[in-house]
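What follows is each chain in one-letter form.
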Amino acid sequence: MFLLSHSPRVLIGATAAGGTTAAVAGAASVPFFAGFTASGIAAGSMAAASQAAVGNVAVGSGFAVMQSIAATTALGTALPAVVAGAAVAGTAVSGYKLYQHMSEKK
């Protein structure tokens, strides 16, 4: 594999890119896990509890904006969480390979 046989700079770059991707995708998955989905508010979720407490949701409110984003983008799906998981795995592999490389005696 390309990543496993190259210089520390490649491994550092891969580790940094993976970590950044994991952080961004993880943050992007928050609306989905809060209950804002592409098909509406998930029953029994934090979003459902918030909607019950608010009652009529005002146009342009934070709640309305979150639901609009979830309904019209990939943020209303599990895709960001899948990307975050894959990025964490890639970061772990490249970080471990970097550790191995840096631990080698020369």
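Please refer to the structure higher up on the page.
No experiment lies behind these values; they were computed from the predicted model shown.

Examining the nonpolar core
Next, step 1: Grouped together as the largest cluster of nonpolar side chains are five residues: A34, F36, A47, F63 and A70.
Next, step 2: Residue contacts for A70: discarding those within four places in its chain leaves F36, T37, A38, L75 and G76.

Here we look at a nonpolar patch on the surface
Next, step 1: Where nonpolar side chains cluster on the molecular surface, the patch consists of L79, V82 and V83 and spans about 250 Å² of accessible area.
Next, step 2: Looking at the secondary structure, you find V83 in helix α5 (residues 79–103).
Next, step 3: According to the relative accessible area criterion, V83 is partly exposed, its value standing at 34%.

Quick look at the packing of aromatic side chains
Next, step 1: Counted according to the given criterion, the structure contains two aromatic pairs.
Next, step 2: Their ring planes at 75 degrees and their centres at 5.3 Å tell us that F32 and F33 sit as a pair that is edge-to-face.
Next, step 3: On the basis of relative accessible area, F32 is assigned to the partly exposed category, the value being 24%.
Next, step 4: According to the relative accessible area criterion, F33 is exposed, its value standing at 55%.

So, the packing of helix α1 (residues 8–28) against α5
Next, step 1: Direction vectors running N to C along α1 and α5 enclose 155 degrees, while the axes themselves pass 7 Å from each other. As the angle between them shows, α1 and α5 are arranged roughly antiparallel. For the crossing formed where α1 meets α5, the hand is left-handed. Each of P8, L11, I12, A14, T15, G18, G19, T21, A22, A25, G26 and A28 in α1 lies in contact with α5, whose residues at this interface are P80, V83, A84, A87, V88, T91, S94, G95, K97, L98, H101 and M102.
Next, step 2: When the residues that make up the contact of α1 with α5 are grouped by side-chain class, the tally is 14 nonpolar, nine polar and one charged.

Regarding the side chain of S45
Next, step 1: Along the chain, S45 falls in the loop between β2 (40–41) and α3 (46–54).
Next, step 2: Reaching out from S45, the side chain makes a polar contact with the backbone oxygen of A42 at a distance of 2.6 Å.

Observations regarding the environment of G19
Next, step 1: Within the secondary structure, G19 is located in helix α1.
Next, step 2: Classification of G19 as partly exposed rests on a relative accessible area of 30%.
Next, step 3: For the pair formed by G19 and A47, sequence separation is 28 residues and the distance between their alpha carbons is 28 Å.

Observations concerning α5
Next, step 1: When the terminal C-alpha atoms of α5 are compared, their 36 Å separation across 25 residues agrees well with the 36 Å that a helix rising 1.5 Å per residue should span.
Next, step 2: Here the buried face of α5 lies against α1.

Reading the values: the criteria
- Every chain's residues receive numbers from 1 upward, in the order its sequence appears when written.
- With the structure being a predicted model, the display of local features is reserved for residues of pLDDT at least 70 and the display and counting of side-chain atom pairs for 80 or more, all residues being used for whole-chain, interface and lining totals.
- Side-chain measures here rest on the full set of heavy atoms in the structure, leaving out hydrogens and waters.
- To qualify as a nonpolar core, a set must consist of buried Ala, Val, Leu, Ile, Met, Phe, Trp, Tyr and Cys residues joined through side-chain atoms within 4.5 Å.
- Exposed residues in this analysis have more than 50% of their type's maximum accessible area, buried residues have under 20%, and partly exposed residues fall in between, with area computed by a 1.4 Å probe over protein chains only.
- We call two residues contacting when some pair of their heavy atoms lies within 4.5 Å.
- Like charges within 9 Å and nonpolar side chains (Val, Leu, Ile, Met, Phe, Trp, Tyr) within 5 Å are joined into patches, using only residues over 30% in relative accessible area that form no salt bridge.
- To be clear on the numbers: accessible area is Shrake-Rupley with a 1.4 Å probe, and residue cover counts the displayed protein chains and nothing else.
- Whenever Lys or Arg places a side-chain nitrogen within 4 Å of a carboxyl oxygen from Asp or Glu, that contact is recorded as a salt bridge.
- The helix and strand labels rest on DSSP assignments: H or I over at least four residues marks a helix, E over at least two residues marks a strand, and numbering proceeds from the N terminus.
- Pairing of aromatic rings covers Phe, Tyr and the six-membered ring of Trp, with a centre-to-centre limit of 6.5 Å; geometry is then stacked below 30 degrees between planes, edge-to-face above 60, and tilted otherwise.
- Between N-to-C directions, angles cover 0 to 180 degrees, with each direction set by a line fitted to C-alpha atoms, over the stretch in contact for helices.
- Under this scheme an angle from 65 to 115 degrees is roughly perpendicular, one under 35 degrees roughly parallel, and one over 145 degrees roughly antiparallel; angles in between are oblique.
- Working rule for handedness: look at the near helix, and if it is turned counterclockwise from the far one by less than a right angle, call the crossing left-handed; if clockwise, right-handed.
- Nonpolar residues are Ala, Val, Leu, Ile, Met, Phe, Trp, Tyr, Cys and Pro. Charged residues are Asp, Glu, Lys and Arg, and all others, Gly as well, are polar.
- Between N or O atoms, a polar contact is any pair within 3.5 Å; within protein, one atom must be a potential hydrogen donor and the other a potential acceptor, and residues adjacent in sequence are included only when both atoms are from side chains.
- Helix span, expected: 1.5 Å multiplied by one less than the number of residues in the helix.

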